[in-house]
Structure formats: structure tokens, C-alpha cells
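Residue-level structure breakdown
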Amino acid sequence: MAQQHYIKPGAFEAGMNRFIGWIARRGISLLGHAELSVRGRKSGEWRRVPVNPLPYEGGPYLISARGHSEWVRNMRAAGGGLLQVGRRTQEFTAVELPDDEKPLILRTYLKKWGWEVGRFFGDVNADSTDEELLAAAHKHPVFRITVKS
């Protein structure tokens, strides 16, 4: 199997991720951040990471700007997880989108969050063509989530 694209966070970014997750658990959502919890595919333990859920038609969506991260691999195995902001926790199921369905979602995500995550997309941005976004789609997993009632 070919190595999949992933940009590992540095020490500062990992610390910021812990801080953003900590404040999300306390009910503070910076511009829509939430904390994702998903069961580890090997350990079965809950793993947490801050995410930027994208509200959009047919969504919301979770996009991995960094690529095929641990949370992505765990999500594929678990098929869902939890999103938390403060005391509000939403359980959801997740379906990964095929690459050909990603360009519009990636464009919308980059319009909203490009200031924060654009560096993980290389030369691709919200103004890129559909073809450029499609060419980068394999690097950025996208999940459509459905919140359980």
C-alpha cells in the first residue's frame, strides 16, 4: 500500500490542539471548533482532537486538512464518533466521500477555514479550479456526518 499524505503537527501545534480541545470541552467554540472523539481502532479507547465541522448542504462534514491522520483511520474503523462543545455532545455516524464528490466541499471548507488550514493544502485554495481541487482530493479525507437523534 502506498504511503498516504499526512502532515504531522509540531510541538506548538499539538499544544494548541490540546488547548482548543480543552476550551471546547468547557463550552467555548472558537469560530465553530468542536472536539471530536472517536474510538481507537486498536485500543478501543476514546481519542480526542479539535476539528472544524463544516455545515453545508447534506452535511455537516469533517475534513482532515492534514491528510490521513490517526483520527481519520479511527473514523474509518469506527464509522462514527462524538462531537462536543461544552456539555453538548452529539453522537454521529460518518460516511467517507469518494474523491469525485470532494471539490465543492473542499472549496467551501477553504473559504471558511483557509486562513487556519490553508498551509496544509499546498497551492490549492478556495479559488482553485475544480480540476485542481479534484487532483488534491485524495490527500484530504472528507466525512459526511449524521447526528443521531
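Look up: the structure comes first, before these words.
Here we summarise the structure given alongside this text. Being a predicted model, the structure only gives us computed values, none of them experimental. (Residues numbered from 1 in each chain as written. Predicted model: local features only at pLDDT ≥ 70, side-chain atom pairs only at ≥ 80, totals over all residues. Heavy atoms only, no water.)

Every regular strand shows the same layout, with side chains that alternate between the two sheet faces. Pairing between strand E1 (residues 34-39) and strand E2 (residues 46-51): six bridges, direction antiparallel. Across the sheet, Leu36 pairs through a bridge with Val49, a residue of E2. A loop of six residues connects E1 with E2, the two strands running antiparallel in sequence, and Gly44 in this loop sits at a positive phi of about 75°. (Pairing = 2+ DSSP bridges. Helix = DSSP H or I, 4+ residues; strand = E, 2+ residues; numbered from the N terminus.)

A word on the sheet that holds E1. Ordered by their spatial adjacency, six strands build an open sheet running E2-E1-E4-E5-E6-E3, and the pairing between neighbours is antiparallel. The strands lining the two open edges of the sheet, one partner per strand, are E2 and strand E3 (61-63). Within the sheet, the average angular offset between the axes of one strand and its neighbour, ignoring direction, is 35°. Of the strand pairs in this sheet, strand E5 (residues 88-96) and strand E6 (residues 142-147) are connected by five bridges, and their pairing is antiparallel. Note that in E6 the partner of Phe92 across the bridge is Val147. Against the sheet, helix H3 (residues 103-117) makes contact with E3 and E6, and its axis sits at roughly 80° relative to E3, the strand it touches most. (Axes fitted to C-alpha atoms, helices over the stretch in contact; angles between N-to-C directions. Contact = heavy atoms within 4.5 Å.)

Take the layout of surface pockets next. Roughly 960 Å³ of volume is contained in the largest pocket. The wall of the largest pocket is formed by 36 residues, among which Pro9, Asn17, Val49, Pro50 and Arg66 lie closest to the centre. Elements represented by at least two residues in the lining of the largest pocket include exactly helix H1 (11-25), E1, E2, helix H2 (70-78) and H3. The element that contributes the greatest number of residues to the lining of the largest pocket is H1, accounting for nine residues. (1 Å grid on protein atoms, 1.4 Å probe; cavity = no way out; pocket = protein on both sides within 12 Å on 5 of 7 lines; lining within 4 Å. Points joined across faces, edges and corners; volume = space filled by probe spheres on them.)

Let us look at the packing of aromatic side chains. This model, assessed by the stated rule, comprises four aromatic pairs. Ring plane angle 25° and centroid distance 6.4 Å describe the contact between Phe19 and Trp22, whose orientation is recorded as stacked. Here Phe19 and its partner Trp22 are both found in helix H1, three residues apart, which amounts to about one turn of the helix. (Phe/Tyr/Trp six-rings, centres within 6.5 Å; stacked < 30°, edge-to-face > 60°.)

A separate point is the side chain of Arg66. As for its placement among the helices and strands, Arg66 is situated in the loop between E3 and H2. One polar contact links Arg66 to Glu13, side chain to side chain, over a distance of 3.3 Å. (Polar contact = N/O pair within 3.5 Å; in protein donor to acceptor, adjacent residues only side chain to side chain.)

The next thing to look at is the pairing of E5. In the sheet, strand E4 (residues 80-85) pairs with E5 via six bridges, with the strands oriented antiparallel. In the strand pairing of E5, Leu82 is matched with Glu91. Count of turn residues in the E4/E5 antiparallel hairpin: two residues, of which Gly86 carries a positive phi of about 65°.

With that out of the way, let us pick up the environment of Ala77. Assignment of secondary structure puts Ala77 in helix H2. Separated by 56 residues in the primary sequence, Ala77 and Leu133 have C-alpha atoms spaced 26 Å apart.

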